[in-house]
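Working through the structure, step by step
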Amino acid sequence: MRFVDEYRDPELCAGYAGEIHRAATRGWTLMEVCGGQTHTIMRYGIGEMIAGAVELIHGPGCPVCVTPVSHIDAALEIASIPGVALCTFGDMLRVPGSRGDLNSARARGGDVRMVYSPFDAVELAAKNPDTQVVMFAVGFETTAPATAAALLSARELRNFSVLCCHVLVPPAMEAVLSMEGCGVQGFLAAGHVCTVTGWKPYSGIADRYGVPIVVAGFEPADILQAVLMCVGQLEKGTHRVENQYTRSVSPHGNPAALAMMSRVFVTEDRDWRGMGVIPRSGLNLAMEWKTFDALERFGVSLSEPFHDKGCLAGRVLTGGLSPPDCPRFGSECTPDTPLGAPMVSSEGACAAHYRYGRKQ
Amino acid sequence: MCLGIPGEVLEVWGDEPLTRRAKVSFGGAVREVCLAGVPDARVGEFVIVHAGFALNRLNQEEAMEVHGYLARIREMGREECGEN
């Protein structure tokens with residue numbers, strides 16, 4: 001496939017791995033904060049290719065995994081209301097709330113539908129005026145523009161609303177860096193998040209925390225090049241934002257997408273599953289869009305922040321625990337019987353480790 | 001949800017930026033995509049799409065940079081070795 005195969009060339013990847021080993025005079029610890037990158041790293045065994053020079057730890061980069069139990073529970077409650085069709089992305093159906101998942105709500109007769117895009121939910125609402133269609137919108141800055149554009153196109157619909165749970169990556173990176181004993185020395189930033197926002201918003205983090213940040217793409221050669229760039233900075237003692245993913249990312253991002261987001265959303269404090277409340281890390285609907293807020297429309301309130309019992313996802317998402325070292329990994333907790341969200345989504349660190357079976 | 005691979009724009013329609021749509025092929029799998037974020041995207045160009053929304057147009061001039069960077073790093077390494 002064009003613009004994919006070019007970056008999976010084994011010789012190119014081996015060339016980068018060799019340069020990384022040559023450049024590193026000691027071991028370095030980097031964190032990626034993108035579920036797609038985590039998936040690539042596990043699938044192509046990148047951790048093994050650069051073992052000894054660089055340890056890659058998988059940060060809170062899977063939006064499904066960090067969606068709080070309170071929002072899943074609210075989705076379950078809304079899905080149980082007669083006449084409501086609750087739409088969301090496929091990965092969300094199996095994420096456990098405090099009393100079951102959306103698949104179980106469907107089994108109890110709830111109208112829960114998997115959609116590819118929020119526009120599918122808008123179309124469903126337009127075709128079924130007697131059904132209240134709710135889009136359970138999750139994801140980072142990559143999916144938030146789709147929700148914003150869908151809402152802007154649904155202004156006239158009285159039977160469409162959004163349960164809004166979008167989150168922002170930079171505040172989560174700061175939360176990781178602020179943790180006591182944080183061992184992260186550099187970051188690979190998420191290429192498609194930065195495609196929307198640009199890389200400029202990361203300059204402040206690089207300065208304040210003294211960490212190099214390299215914006216990276218999703219293919220194996222992209223990730224290896226970004227690791228080499230980050231190691232180069234660490235060896236020189238510099239800490240700036242560099243852009244490996246130049247074919248997609250510019251300094252200031254996509255102004256049209258950002259303008260739509262700023263029309264529809266405001267930032268607010270948000271509970272991250274496994275991490276707790278992170279200031280100004282969530283996107284919610286702005287005041288003039290509150291009539292499209294499913295919580296208001298159906299009189300549902302969010303429960304208090306909830307912490308999973310027996311799941312160590314918080315330590316996994318912040319780099320303190322590698323999934324295979326969790327005592328429940330692969331025994332009580334598997335993709336078929338997930339105790340926590342990182343085992344559910346294919347982008348989750350635990351599911352990626354389980355599927356590709358390598359220990360880093 | 002977030003495994004965004006580039007897709008090729010096959011067909012574009014709609015006059016208003018917000019309602020502009022395209023048929024986009026991802027290695028043969030064709031999806032309808034909102035072009036509100038890249039209203040000037042044209043047939044034959046490649047776009048990155050998440051949740052049915054095109055986030056940008058791929059910069060084809062930069063597409064081979066991942067090869068060029070390694071070549072330059074190796075060249076620098078050779079020069080350093082030569083000097084030593």
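Before going into details, it helps to say that this report is about the structure given with it.

1. Structural notes on the state of the cysteines
All names here are of chain A.
- Here the structure, examined in full by the defined rule, presents zero disulfides over all chains.
- Residue Cys87 stays outside any disulfide, its sulfur separated by 15 Å from that of Cys164, the closest cysteine.
- Left without a disulfide partner, Cys194 is nearest to the cysteine sulfur of Cys34, which lies 9.7 Å away.

2. Some details on the packing of helix H2 (residues 35-43) of chain A against helix H16 (residues 349-356) of chain A
All names here are of chain A.
- Taken N-terminus to C-terminus, the directions of H2 and H16 make an angle of 20 degrees; their axes are 9 Å apart at the nearest point. Between H2 and H16, the angle is such that the two are roughly parallel. Once H2 is placed against H16, the crossing between them reads as right-handed. Across the interface between the two elements, Thr38, His39, Met42 and Arg43 of H2 pack against Ala349, Ala352, His353, Arg355 and Tyr356 of H16.
- Class assignment for the residues of the contact of H2 with H16 results in four nonpolar, three polar and two charged.

3. Some points on the environment of A:Leu152
- The topology assignment puts A:Leu152 in helix H8 (residues 144-153).
- Judged by its relative accessible area of 7%, A:Leu152 falls in the buried class.
- Between the alpha carbons of A:Leu152 and A:Glu11 there is a distance of 46 Å; along the sequence they are 141 residues apart.
- Among all residues touching A:Leu152, those that are not within four sequence positions of it are A:Met260, A:Arg263, A:Val264, A:Trp289 and B:Leu18.

4. As for the pattern of salt bridges
- Applying the stated criterion to the full structure yields 17 salt bridges over all chains.
- A salt bridge links A:Lys127 to A:Glu123; the nearest nitrogen and oxygen atoms lie 2.9 Å apart. Residue A:Lys127 and its partner A:Glu123 are located together in helix H7 (residues 118-127), separated by four residues, close to a single helical turn.
- Its relative accessible area of 61% is what places A:Lys127 among the exposed residues.
- Residues A:Glu174 and A:Arg208 are paired through a salt bridge, measuring 3.0 Å at the closest nitrogen-oxygen approach. Note that A:Glu174 is positioned in helix H9 (residues 169-178) and A:Arg208 in helix H11 (residues 203-209), a separation of 34 residues in sequence.
- Overlapping salt bridges, with partners in common, bring together B:Asp40, B:Glu45 and B:Arg57 in one network.

5. Topic: the interface of chain B and chain A
- In this assembly, 39 residues from chain B lie in contact with 49 residues from chain A.
- Between chain B and chain A, the buried area comes to about 3700 Å², and carbon and sulfur atoms account for 69% of it.
- At the boundary of chain B with chain A, the tally comes to zero salt bridges.
- For the pair chain B and chain A, the number of links is twelve residue pairs in polar contact (both at pLDDT 80 or more).
- Listing elements by their share of the side of chain B that touches chain A, those giving two or more residues are strand S2 (21-26), strand S3 (29-34), strand S4 (46-50), strand S5 (53-57) and helix H1 (65-83) of chain B.
- Here the side of chain B that touches chain A gets seven residues from one element, more than from any other, and that element is H1(B).

Parameters and conventions
Residues numbered from 1 in each chain as written. Chains lettered and ligands numbered in written order. Predicted model: local features only at pLDDT ≥ 70, side-chain atom pairs only at ≥ 80, totals over all residues. Heavy atoms only, no water. Disulfide = S-S within 2.5 Å. Axes fitted to C-alpha atoms, helices over the stretch in contact; angles between N-to-C directions. Helix = DSSP H or I, 4+ residues; strand = E, 2+ residues; numbered from the N terminus. Parallel < 35°, antiparallel > 145°, perpendicular 65-115°, else oblique. Left-handed = near helix turned anticlockwise from the far one by under 90°. Contact = heavy atoms within 4.5 Å. Nonpolar A, V, L, I, M, F, W, Y, C, P; charged D, E, K, R; others polar. Buried < 20%, exposed > 50% of the residue type's maximum accessible area, 1.4 Å probe, protein only. Salt bridge = Lys/Arg side-chain N within 4 Å of Asp/Glu carboxyl O. Buried area = accessible area lost by both parts, 1.4 Å probe. Polar contact = N/O pair within 3.5 Å; in protein donor to acceptor, adjacent residues only side chain to side chain.

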